[in-house]
Amino acid sequence: MRALTFNHAALTIDPRVADPAPLGSHAIIRATRLGLHPIDVAVARGWTTHTGIIGRECIGLVESVTGTAEEAARWTGKRVLLQTTLVCGACTQCRGGNAAHCPERRVAGVCGRDGFCADRIAAPLNSLVEVPKSIGEDVAIFAYAMADAVHTTQVIRAEGKTFVTVLGDTLDALLVARLMTARNATVRLLCQTPAILTQCEKWGIRARPMSEVGMRHDQSVVVDCAHETAHLEPAVQMLRPKGTLIVRSAFAAVPPKCWNADAKRTQAVIPTDAVVANEITIIGARAATLAEGLDLVSKTGTDLLPLITRRFKLADGVSAVRAAADSGNLKVIVEP
Ligand SMILES: [Zn+2]
């Protein structure tokens, strides 16, 4: 079969990858839609230690099941999303209800597990999320991004806050701003990417370039969704005393052990003096579950389709990753 693979020298489409081997309580899934994520771009830049198949967003059809007759009847022929992260289920975090923080977690296309950019994928049955027939594939693929974005509204209530700012030229910033605007009309998104500003106008989200706003210490909440180019310094300057800074990262799912120590990657620096002087609360917000993301996109529906700015065939997967590195491309889709 074909797969998009990274081997630390290059990203290539390999046409001779062995089909995934069937394992107990696993399904073999034929990919029908793949989404690219900023982590895929980071992997292709050699920022992580991952080698092998990349990609962490996939919808596909279950072709076969290695399991009980009941499991085969339950899943064969179903259209599913594949959970990106597999956890150990046995460590203190997993047993304490904090499985997202499992130190042994394996992340598709990033750490300890092949990714999904391939014709076929093997996945444990307990990692499948069924996609209802009513949700189209181009909408359902946003379940991953929406699961990330909605967690912000789970860690802080936007309702009733005086002023709320979302920062960033990312799909994540746009989705977070949309979700928070529904709860608080004062929410504004600060960004400069034309595609995002256009979408904000369509969705009724207040949006302005960051260069046009003053640092007035008047915001109750600032959500920094700029990811690797985080704006923590101006974010703190915008916050009122005792305000709350929510920090997001596209790379939060990467276990620390899987970062490449030699990667030329810059991390944002927290302006400690200003944080302490103004008694700012800082919260890191990662992701909700894929099922929660799917539930949300089923309600949002075809509104999301204009966010798909480029489409590629799997055979042209290298160009797809290159396109995904351009912040002007909100969502890049790959079709096998
Ligand atoms: Zn664990």
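How each quantity is defined
Residues numbered from 1 in each chain as written. Predicted model: local features only at pLDDT ≥ 70, side-chain atom pairs only at ≥ 80, totals over all residues. Helix = DSSP H or I, 4+ residues; strand = E, 2+ residues; numbered from the N terminus. Rg over C-alpha atoms; globule rule 2.2 N^0.38 Å. Buried ≥ 20, exposed ≤ 12 C-beta atoms within 10 Å, placed from the backbone. Contact = placed C-beta atoms within 7 Å. Domains from an automatic or database assignment. Nonpolar A, V, L, I, M, F, W, Y, C, P; charged D, E, K, R; others polar. Axes fitted to C-alpha atoms, helices over the stretch in contact; angles between N-to-C directions. Parallel < 35°, antiparallel > 145°, perpendicular 65-115°, else oblique. Pairing = 2+ DSSP bridges. Left-handed = near helix turned anticlockwise from the far one by under 90°.

**Student:** Honestly, the overall build of the protein chain in this entry has me stumped. Any pointers?
**Tutor:** Across its full length, the protein chain holds eleven helices and 18 strands. Scaling as 2.2 N^0.38, a compact globule of 336 residues should have a C-alpha radius of gyration of about 20 Å, and the protein chain matches this with 20 Å. Each principal axis of the C-alpha distribution contributes one length, and for the protein chain these read about 60 × 45 × 40 Å. Counting every position in the protein chain, which comprises 336 residues, the buried fraction comes to 43%. Counting contacts in the protein chain only where the partners sit at least 6 residues apart, residues at least 24 apart contribute 69% of the total.

**Student:** I tried to follow the domain arrangement of the protein chain on my own but got confused; where do I start?
**Tutor:** How big an interface is tends to be reported as the loss of accessible area on association of its parts. The domains assigned to the protein chain are domain 1 (3–144 + 288–335) and domain 2 (157–284). One C-alpha centre belongs to domain 1, the other to domain 2, and the line joining them spans 27 Å. If you look at the interface, domain 1 gives 22 residues, while domain 2 gives 16 residues. With three residues, helix α1 (residues 38–44) is the largest single contributor of residues to the side of domain 1 that touches domain 2. Partitioning the side of domain 1 that touches domain 2 into residue classes produces eleven nonpolar, nine polar and two charged.

**Student:** How do you make sense of the environment of Leu-125 when you look at a structure like this?
**Tutor:** Structurally, the position occupied by Leu-125 is in the loop between β9 (120–124) and β10 (128–130). Leu-125 sits in the partly exposed class, given 19 other C-beta atoms within 10 Å. Leu-125 sits 149 residues away from Ala-274 along the chain, and the two C-alpha atoms are 48 Å apart. Not counting residues up to four positions away in its chain, the partners in contact with Leu-125 are Ser-25, His-26, Ala-27, Val-65, Gly-67, Glu-71 and Trp-75.

**Student:** So what exactly am I meant to see when it comes to the packing of helix α5 (residues 143–155) against helix α10 (residues 290–300) here?
**Tutor:** In helix packing, the relevant descriptors are the interaxial angle and the interaxial distance, both defined with respect to the helix axes. In the contact formed by α5 and α10, the axes pass within 7 Å of each other and the chain directions differ by 105°. Judged by the inter-axis angle, α5 sits roughly perpendicular to α10. Of α10, the residues touching α5 (which contributes Ala-143, Tyr-144, Met-146, Ala-147 and Val-150) are Leu-290, Glu-292, Gly-293, Leu-294, Leu-296 and Val-297. Class assignment of the residues belonging to the contact of α5 with α10 gives a composition of nine nonpolar, one polar and one charged.

**Student:** Explain the pairing of strand β5 (residues 57–66) here, please?
**Tutor:** Two faces, one strand: in a regular strand the side chains alternate between the faces of the sheet. Here strand β3 (residues 26–35) pairs with β5 via nine bridges, running antiparallel. The residue bridging Ile-29 from the neighbouring strand is Val-62, located in β5.

**Student:** Sorry if this is basic, but what is going on with the packing of α5 against helix α6 (residues 171–181) here?
**Tutor:** Relative to each other, α5 and α6 sit at 50°, their axes nearing to 9 Å. Judged by the angle between their axes, α5 and α6 are oblique. Relative to α6, the crossing made by α5 is right-handed. Residue-level contacts link Ala-145, Met-146, Asp-148, Ala-149, Val-150, Thr-152 and Thr-153 of α5 to Leu-171, Asp-172, Leu-175, Val-176, Leu-179 and Met-180 of α6.

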